[in-house]
Amino acid sequence: MKISPLRQDAPDTGADIPLTYARTLSWFSLVVIVLTSLALSFFISNSARETLLTRQENFLHLLVENLNYQIYRRFALPTILANGHISLRQPSQYERLDQVVQSVIHGLPVDRLRIYDFSHIAAYSTKKDEIGKSGLAPLNVEDVLRGETPKSQIIAAVPTWQAPFRVPLGDGTFVLRVLYPLRGEPLQAGMSPPVMGALEVTQDITGDYEQVLTFQGIIVSMCLLSSMVMFALLLMLLHRSERVLAERMQKNRQLENELHSNEKLASMGRVVASIAHEIRNPLGIIRSSAEFLQKRADTTDVGVSRMLGAIYDESVRLSQTVNDFLDYARPRQPRQDITDINQILDQTLAFLKGDMGRRGVTINRQTAPNLLVRGDKDLIYRAFYNILVNGQQAMDGPGTITLRARREGDRVCLEFLDSGKGFDHTTLPRLLDPFFTTKDNGTGLGLPIVQSIIVSHGGTLELENGPEGGALARVWLPTAK
Ligand SMILES: Nc1ncnc2c1ncn2[C@@H]1O[C@H](COP(=O)(O)OP(=O)(O)O)[C@@H](O)[C@H]1O
Ligand SMILES: [Mg+2]
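- An unreviewed UniProt entry annotates the protein as histidine kinase originating from Candidatus Desulfovibrio kirbyi.
- Annotation of the protein in UniProt includes, under Catalytic activity (unreviewed entry), the sentence "ATP + protein L-histidine = ADP + protein N-phospho-L-histidine."

Following this line, the structure appears as structure tokens:
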């Protein structure tokens, strides 16, 4: 007998909703993580760049101040004292200034140094061919010549945003330029020193800039990588929980369906049981009438007596089935009388004696005396009867049923061992399922009834094969206190 097939309901979407949320949330968190880490890495690398630039700027400012002092002391002042004026077009003056400048910047990372006069012409340059040229001065040279604060500026040969993609950068891609007012000595105490020209120093910072960019790249890729790993873990977790949830939901649905069909089965059982109950009385009348007619009928008419015999046999079989079914469908509460197991066995064997004798079945009885249990002797009788009939049917002819009974602690152990072919290993787990039978005329209710009677008495039923073959049914019942 199989439980009805599962209902294929539409999937319950109720539990999917939180997971959809979780999925959206994880994508959202990925975006947040990526954006945050990108912002963080830009912030970190920008501050690294700022630090680098400030350091370079400070260095150039110090250098320029020193240059200013050296040029004034070692070149401007002596030249004016000797010649009355400064003219850098004179090679000797140029040489002198160049010596001063070179002695100061020697060994320092300075690319180029220029001095502009008031007409924005390059009066001096570390590159000799630039001297006397106009148009080289930057636009803000005028502000510096007016004595304003020094200006520093980065000159980039490529747009800054493109730089990370162009690493390695060529020499001179990023240049730092400082423009500084070249001053003399104050003419009177308390006055600001006069501006003599504008000093421009440039330094190639491409190498340092490239280092910052590499640093930035490492930070960005590390952040991206770690956020990807985190996200992958999150997705994995999500997938797993989705699977577990789906399995659980599937199981729930299955249980729900089983519950439904069990309920249906139970109510159907109740209906069938009441029908069976109604059938029992008329069936009894049919059986006894057939028996009566068999005795009275003309025994010479073979056809009639065979038909009456068939009616009688079939009604006996049918009432057995109905009784089995009712016993199973409406088990009654056992009475609690003190009963001796031996007495019940005597009754059962006495009832079966005639049938067994005809089939050549002998009983080998080894039962200890005084096996008292508390229970319902009618029900226990029915259980023993079913086991013994099964044994008799299994042998299908002459054989022996060995019957042992003894006390073991506070329990009585009963063993029914027949000399048949024993229980089939493949069907053994299903023998207690209601309606499971291998017989053409079986109901498959005998062993389930035995089981329910024994359990209702607080006992247990064990089915196995005997050491020398044959089926062994072992019954344990608690002794009466
Ligand atoms: N003594 C036995 N030896 C071998 N098989 C048995 C024995 N008793 C029961 N079985 C098997 O268990 C099945 C179920 O038995 P039961 O519940 O009494 O129903 P039924 O006797 O109506 O078939 C039988 O059909 C048979 O295959
Ligand atoms: Mg049976």
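That covers the picture; the talk isn't over yet.
**Observations regarding the side chain of D418**
Consideration 1: Positionally, D418 belongs in strand β10 (residues 411-418).
Consideration 2: Only 3.0 Å separates the side chain of D418 from the backbone nitrogen of G420, close enough to count as a polar contact.
Consideration 3: At a separation of 3.0 Å, a polar atom in the side chain of D418 contacts the main-chain amide nitrogen of A471.
Consideration 4: Excluding anything up to four places from it in sequence, D418 contacts G391, A394, M395, T400, I401, G469, G470 and A471.

**Some points on the packing of helix α7 (residues 377-395) against helix α8 (residues 446-456)**
Consideration 1: Contact pair α7 / α8: the axes reach a minimum separation of 9 Å and the direction vectors enclose 145°. Crossing angle aside, the handedness with which α7 passes α8 is left-handed. Residues L379, I380, R382, A383, N386, I387 and N390 of α7 lie in contact with α8, whose contacting residues are G446, L447, I449, V450, I453 and I454.
Consideration 2: The residue inventory of the contact of α7 with α8, partitioned by class, reads nine nonpolar, three polar and one charged.

**Details of the environment of R23**
Consideration 1: Within the fold, R23 resides in helix α1 (residues 16-83).
Consideration 2: Residue contacts for R23: discarding those within four places in its chain leaves L238 and E242.

**A short note on helix α5 (residues 302-329)**
Consideration 1: Taking 1.5 Å as the rise per residue, α5 with 28 residues should run 40 Å; its terminal C-alpha atoms sit 40 Å apart, in good agreement.
Consideration 2: Listed as buried for α5 are L308, G309, S315, S319, V322, D324, F325 and L326.
Consideration 3: Taken together, the buried residues of α5 touch α4 (206-296), α7 and α8.

**As for unusual backbone geometry**
Glycine aside, negative phi is the norm for most residues, and most peptide bonds take the trans geometry.
Consideration 1: At H120, a residue that is not glycine, the phi angle is positive and equals roughly 65°.
Consideration 2: On the basis of relative accessibility, which here comes to 26%, the residue H120 falls in the partly exposed class.

The rules behind each value
Residues numbered from 1 in each chain as written. Chains lettered and ligands numbered in written order. Predicted model: local features only at pLDDT ≥ 70, side-chain atom pairs only at ≥ 80, totals over all residues. Heavy atoms only, no water. UniProt positions renumbered as here; feature names shortened; annotations may be inferred. Helix = DSSP H or I, 4+ residues; strand = E, 2+ residues; numbered from the N terminus. Polar contact = N/O pair within 3.5 Å; in protein donor to acceptor, adjacent residues only side chain to side chain. Contact = heavy atoms within 4.5 Å. Axes fitted to C-alpha atoms, helices over the stretch in contact; angles between N-to-C directions. Left-handed = near helix turned anticlockwise from the far one by under 90°. Nonpolar A, V, L, I, M, F, W, Y, C, P; charged D, E, K, R; others polar. Expected span 1.5 Å × (residues − 1). Buried < 20%, exposed > 50% of the residue type's maximum accessible area, 1.4 Å probe, protein only.

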